[in-house]
Every structure is written in structure tokens, then in C-alpha cells.
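So the chains spell out like this:
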Amino acid sequence: MVRLLAVYGLFAGTACVVHAEIIDVFLLAGQSNMAGFVNTGYTHDTRDDIVRYFYHTEYNFNNVQAKSTTFTSLAPIETTGFYGPEIMLGRALIDGGLNPAIVKVSFGGTSLNTAWNSRASSGNTWWQNWKDATATALSQL
């Protein structure tokens, strides 16, 4: 979880307080259950508009790649209509009084032993994708 705090400074000899927004960041990563293959039953909720959502998701079964380049509001992935646990998680975080940003990196059908293993000598592209997407997302907050 990343929290941004108030910054204090001096300007022309006068103390001023600049209040930064507190953003609670949640990093999600995984295989098919995280990617989500549900494309029915979604109903827009006003809480979805509050949640910041950044994603990089792929699906082995139909070679679909979907990724955002900036934060967007929480919704099923536009190209597929699919969504995973981020919808209910985001809503629960809002209900809990948080100001969430969700960063999700997922690829259905991958192996945790190779594709996600940070110590693997090869094939660990999804560990790197997770690190890259997280760094990009965090730089935007």
C-alpha cells in the first residue's frame, strides 16, 4: 500500500501546508482467475467511477491482449467484456472508506514456475510485465 502524505514548505518566508491526496494502491497479479473470464452480469455502479484502474491482461485461449496506458475507471475490459475480482474488490474498498487504485497484471494459462518466477533464467516475462506495469502505474499517481 502506498500512501502520499502532506508536504510542508516555505514560500517567501511564509510557512504553507500542501495536502496531498491519500491513494491506497493494490497490486493484483495472477493467472486465469485473476484475468477473469466472466463477461455477463456486470452492472455499472457509481463506486466503479471512483476506483482508479490500470491493467495488463492477456488470455491464452484467444490471443487477446488488453492493457491500459493510463489509469481509467473500473469496468470490464473494453475489447473482451471480461472482468475478474477487481470489480468486487474495488467496490468493497470504497465501502471500507479507502481511496483505491488497482493495478492488475494477469495472463490466463501461464505457469507460476516459469512465467511468473523472478528467479527463472528464461520464460519469466510475466514477472517482468508485472514490474513494468506497476512502475508505469505508480509513476502516474
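Residues numbered from 1 in each chain as written. Predicted model: local features only at pLDDT ≥ 70, side-chain atom pairs only at ≥ 80, totals over all residues. Heavy atoms only, no water.

(A) Structural view of the packing of aromatic side chains. Counted according to the given criterion, the structure contains seven aromatic pairs. Three or more aromatic residues joined by ring pairs form one cluster here, namely Phe107, Trp116 and Trp126. (Phe/Tyr/Trp six-rings, centres within 6.5 Å; stacked < 30°, edge-to-face > 60°.)

(B) Representation of the environment of Leu98 in the model. Along the polypeptide, Leu98 turns up in the loop between helix H2 (86-95) and strand S7 (100-108). Its relative accessible area of 27% is what places Leu98 among the partly exposed residues. For the pair Leu98 and Asp24, spaced 74 residues apart in sequence, the C-alpha to C-alpha distance is 6.6 Å. (Helix = DSSP H or I, 4+ residues; strand = E, 2+ residues; numbered from the N terminus. Buried < 20%, exposed > 50% of the residue type's maximum accessible area, 1.4 Å probe, protein only.)

(C) Spatial organisation of the pairing of strand S4 (residues 52-59). Of all eight residues that make up S4, seven are buried, and the element is covered over most of its length. Across two bridges, S4 lies against strand S6 (residues 72-73) in antiparallel orientation. Across the sheet, the residue bridging to Arg52 is Ser73, located in S6. For S4 and S7, the ladder comprises eight bridges, and the chain directions are parallel. Considered in S7, the bridge of Tyr59 is made with Gly108. The pairing of S4 with strand S5 (residues 64-67) spans four bridges and is classified as antiparallel. Residue Thr57 lies in a different strand from S5, and its bridge partner there is Ala66. (Pairing = 2+ DSSP bridges.)

(D) Fine view of the environment of Asp95. Within the secondary structure layout, Asp95 lies in helix H2. Side-chain polar atoms of Asp95 contact the side chain of Arg47, separated by 2.7 Å. (Polar contact = N/O pair within 3.5 Å; in protein donor to acceptor, adjacent residues only side chain to side chain.)

(E) Structural detail: the nonpolar core. Counting residues in each nonpolar core, the largest one holds 16 residues, and the members touching the most others are Val51, Tyr53, Tyr55, Tyr59, Leu74, Ile77 and Ile102. Elements with a contribution of two residues or more to this core: helix H1 (32-35), S4, S5 and H2. Among the elements that line this core, the one with the most residues is S4, at three residues. When near neighbours in sequence (up to four residues on either side) are disregarded, Tyr53 contacts Ser68, Thr70, Phe71, Thr72, Ser73, Leu74, Ala75, Ile77, Glu86, Ile102 and Lys104. (Core = buried A, V, L, I, M, F, W, Y, C linked by side-chain atoms within 4.5 Å. Contact = heavy atoms within 4.5 Å.)

(F) Representation of H2 in the model. Among all positions of H2, only Glu86, Ile87, Gly90, Arg91, Leu93 and Ile94 are buried. For H2, the buried positions fall inside an angular range of 160° around the axis, keeping them on one side. Away from its buried face, by an angle of more than 90 degrees, H2 presents the exposed residues Met88 and Asp95. Close packing links the buried residues of H2 with strand S3 (24-30), H1, S4 and S7. (Arc of directions from axis to C-beta.)

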